[in-house]
Amino acid sequence: MRTGRPAAALIAAAALTGGLLTAGTAPAQAGARAAERAAPAQAAADYTWDNVQIRGGGFVPSVVFNRSEPDLVYARTDIGGAYRWDEPGQEWIPLLDHVGWDDWGHTGVASVATDPVDPDRVYAAVGSYTNDWDPGNGAILRSSDRGETWRTTELPFKLGGNMPGRGMGERLVVDPNDNDVLYLGAPSGEGLWRSTDAGVTWAEVASFPNPGDYAPNPSDTSGYESALVGVAWVTFDPASGTAGSPTPTLYAGVADLQESIYRSTDAGATWEAVPGQPTGFLPHKGVLDEATGDLYVATSDDAGPYGGADGEVWRLDTATGAWTDISPVPAGGDRYFGFSGLSVDRSSPGTLMVSAYSSWWPDTQFFRSRDGGDTWTRAWEFTSYPNRDKRYEIDISEVPWLDMGAQPQPPEEAPKLGWMTEGLEIDPFDSDRMLYGTGATLFGTTDLTAWDRDETLTIRPVVDGLEETAVLDLASPPSGAEVLSGLGDIAGFRHTDVEEVPARAFPSFGTTTSLDFAELSPNAVVRVGNHVGEGTAPTVAFSTDGGANWFQGTAPAGAHGGTVAAAADASRFVWSPEGAGVHYSVGYGTSWTASRGIPAGARVEADRVDPDVFYGWADGTFWVSTDGGASFTASPAALPDEGGYFATVPGRQGHVWLAGAEGGLWRSTDAGATFTEVPGIDADTIGFGRAADGAAYQALYSSGVVGGVRGIYRSTDAGATWLRINDDEHQWAWTGAAITGDPKVFGRVYVSTNGRGVVYGDSGDGGGGPEEPGGPGEPGDCAVAYRVTGQWSGGFQGEVRLTNTGAAPLSGWELAWDFPAGQRVSQLWNGSFTQSGATVTVSPAAWNATLPPGGSATVGFLGSWSGGNQAPASFTVDGAPCAAS
């Protein structure tokens, strides 16, 4: 399972820049770039942050146990950062949430090393891609408090936490005799690197003879599969040295099909290829059983973590130099996979396990030996086909969606034992404890030795706190679910309680690129996306019960992915897919008709009040449809050429906010006919939630920059002022895909991440006070006088006088109030109006759009009433309350 957004799309969306250091940068320069980052400042907002509970969702390439302290365990993910296990709480603690937007690549973790001498020290080699998808170079993060805080050393080359070969390793290791010495196996022909000052500075090991020449697909022009995998792992022979001095003997594995295992006997000063070594395969893992002196190597014909059609397992007697092929499936047998996931039992010399990581069908396979690999037993084997005899049972009651809603034909089962099982580790202090990663979760057992007694062991998800999904879209309806999520690879979820793991993921297709609900009929939901792997079924689905159950629609020829919008009353849907132009469907997608006048690839949204109105954005032009998506007309509004994330406001007809237009934020209250720039924020996303107490406009949320500071921001005064609500320890790297507030709970916001799942924040200020003095909750520089000038049965005439009581002109004002008794405005003069429910919003005419200090404007109107005609209790201008009389 491939995790994460397509990197090229992520880069385009994030618009990141970064300089590349040349491969020939001198070691001294690398050391000079060691960045000593002090503790970051905290934000002023009282917010608590947590994950919407999914648990897992992406590839866990590796688990690393500390060799000197029980229960000290780390896990690394390919796009979602690193984690430390908390034994008392039985959960994983995220360690890289501090990574900011500009350094988003640091959430791709290529390797983790925990210090066997000083357990408080931990290191992470970070960087997501070695091609230009990630504009930044790699880095070594180092911590002396188990990952609570970090310091950073920038490297003069890239690392590939989400590149081919990421399940190999570990690339980063600490010398068990001299823990100031670390080694890093680099990709892309950069060779082997060493630090002698606990990771602060690094220099290339010039004597290392082979940087690796293997690339999965040299002809790949993207640079993803044509990149050299490089030096994959390093392992020490501690018995060859003494405490306090660098270990003399160490081994390194290189991605080279002809000569891949190297040894140094003089602490890395010189190296030679180990004589007699096997050839023709790549060494995924190299592990030394110190009690027996045997070096075990698991190999494959592919770098993984997906492919691999053959491989071998070898044992090197380091005392005699003799190599022995101990492959659990001999050459010529039914060996259609490569080997990885190699681990030895430190409490039981000669006991080891290895995985058939690339055995996708019918399942992954584990092999176990108690005699150094001379004989093996399997986790499962066929009896009478298609039946399987298994040594295990899987309990997914804590994460029930892991069966993927599948009902496969035997010999396949749901849930699967796993796939991409490259990270397998036996606890060095407990022979019964094993953890292993898959493409979707982290599994474990605490009764592993039941295997040896021919008893059934139990495997469970061990993933509480570890969230690794790439979030592509979010929606929070006014009723039913708290939040609906569109995710990469595992489709998405309907959460009726953010603290509970859902029973199942969305069905039909694996990646949801966009979803929407009908604002006036929120049980109607639509989602579109892409298949993960092969699939031909339409990638559009509908629900009429708020996302609990789904049925597939049809699709225009070639259509998949893209964005989708639901009419406010669910009468029709507009889809802007990849592979086809914009289309609309009357009803639930039984047929689609091409929309006219709008370019292919436009982002589409629906008006949240008028079911006939849809909007689009493409190439600097805003498009409007007033006939349910059948045809679109370009707005005359002058907008920048860049940008395109926009959203429409619940309950407010014609209100559109457009973010990301050259980093700005733009607003329309007339269905896109005109836009006004909102100063003060460079927004990348925009979303809406329940209004603060006393505020006349929904709370706004954005991932953006205010005053030069990147963060998650909230405004309760229609964008006049913004408050940062996250802090420097909660940044989650790239948050530019989606954001939404909760219409039911003030202050609740849901934030997308590219690898840390759906993050949600709750405000500590209850009903919500002002963001700044003069914001919602206390009068601003305006006064409003309301009076009824005439009344008759069922109707009345009124007027509202607005006065500027401030010291500066009031320009382009927007006056709003809520009627308390169901009154409706039918006509208004001296301005224009919209009414949504009880809320009336008035915009000025051209001649009274600017009020000088002390100036006034009066609007008159005709309206209807029934049962009562009480005056509104409060008024706002541009979201800020006014004194009322």
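Relevant structure appears above.
Predicted, not measured: the structure shown is a model, and the values here were computed from it.

A. Examining the nonpolar core more closely. One finds Trp92, Trp657, Leu665 and Ile686 to be the most contacted residues of the largest nonpolar core, which totals 69 residues. For this core, the leading source of residues is strand S31 (residues 434–437), giving three residues. The contact partners of leucine 665, leaving out residues within four places of it in the chain, are Trp657, Leu658, Ala659, Thr676, Glu677, Val678, Ile681, Ala683, Ile686 and Trp722. The next biggest cluster of nonpolar side chains, apart from the first, holds 24 residues, and it includes Val122, Ala733, Trp734 and Ala737.

B. Representation of the pattern of salt bridges. Going through the model one piece at a time under the given rule, you end up with 38 salt bridges. Arginine 433 is the partner of aspartate 427 in a salt bridge, and the nearest nitrogen-oxygen pair spans 3.1 Å. We note a salt bridge from arginine 608 to glutamate 519, for which the minimum N-O separation is 3.1 Å. Taken together, the residues arginine 608 in the loop between strand S45 (603–606) and strand S46 (614–618) and glutamate 519 in the loop between strand S37 (511–518) and strand S38 (521–530) connect sequence positions 89 residues apart. Owing to a relative accessible area of 6%, arginine 608 belongs among the buried residues under this scheme. By relative accessible area, glutamate 519 is classed as buried at 13%. Salt bridges linked by common partners bring Asp71, Glu87, Asp427 and Arg433 together as one network.

C. Representation of a negative patch on the surface in the model. Among the surface-exposed residues, Asp50, Glu91, Asp497, Glu499 and Glu500 lie close enough to one another that they form a single negatively charged patch. Topologically, aspartate 50 is positioned in strand S2 (residues 47–51). Using a relative accessible area of 42% as the deciding quantity, one classes aspartate 50 as partly exposed.

D. Region of the structure containing the state of the cysteines. Per the counting criterion, the structure on display carries one disulfide. Two residues share a disulfide in this structure: cysteine 782 and cysteine 882, whose sulfurs sit 1.9 Å from each other. Between cysteine 782 and cysteine 882 the sulfur-sulfur dihedral comes to about -95°; the bridge is accordingly left-handed. Here cysteine 882 lies in strand S71 (residues 880–884) and cysteine 782 lies in strand S61 (residues 782–792), a separation of 100 residues in the sequence. Taken as a pair, cysteine 782 and cysteine 882 share a single burial class, namely buried.

What counts and how
Residues numbered from 1 in each chain as written. Predicted model: local features only at pLDDT ≥ 70, side-chain atom pairs only at ≥ 80, totals over all residues. Heavy atoms only, no water. Core = buried A, V, L, I, M, F, W, Y, C linked by side-chain atoms within 4.5 Å. Buried < 20%, exposed > 50% of the residue type's maximum accessible area, 1.4 Å probe, protein only. Helix = DSSP H or I, 4+ residues; strand = E, 2+ residues; numbered from the N terminus. Contact = heavy atoms within 4.5 Å. Salt bridge = Lys/Arg side-chain N within 4 Å of Asp/Glu carboxyl O. Patch = residues over 30% accessible without salt bridge, like charges linked within 9 Å, V, L, I, M, F, W, Y side chains within 5 Å. Areas by Shrake-Rupley, 256 points an atom, 1.4 Å probe, with all protein chains shown as cover. Lys, Arg positive; Asp, Glu negative; His and termini not counted. Charge placed at Lys NZ, Arg CZ, Asp CG, Glu CD. Disulfide = S-S within 2.5 Å.

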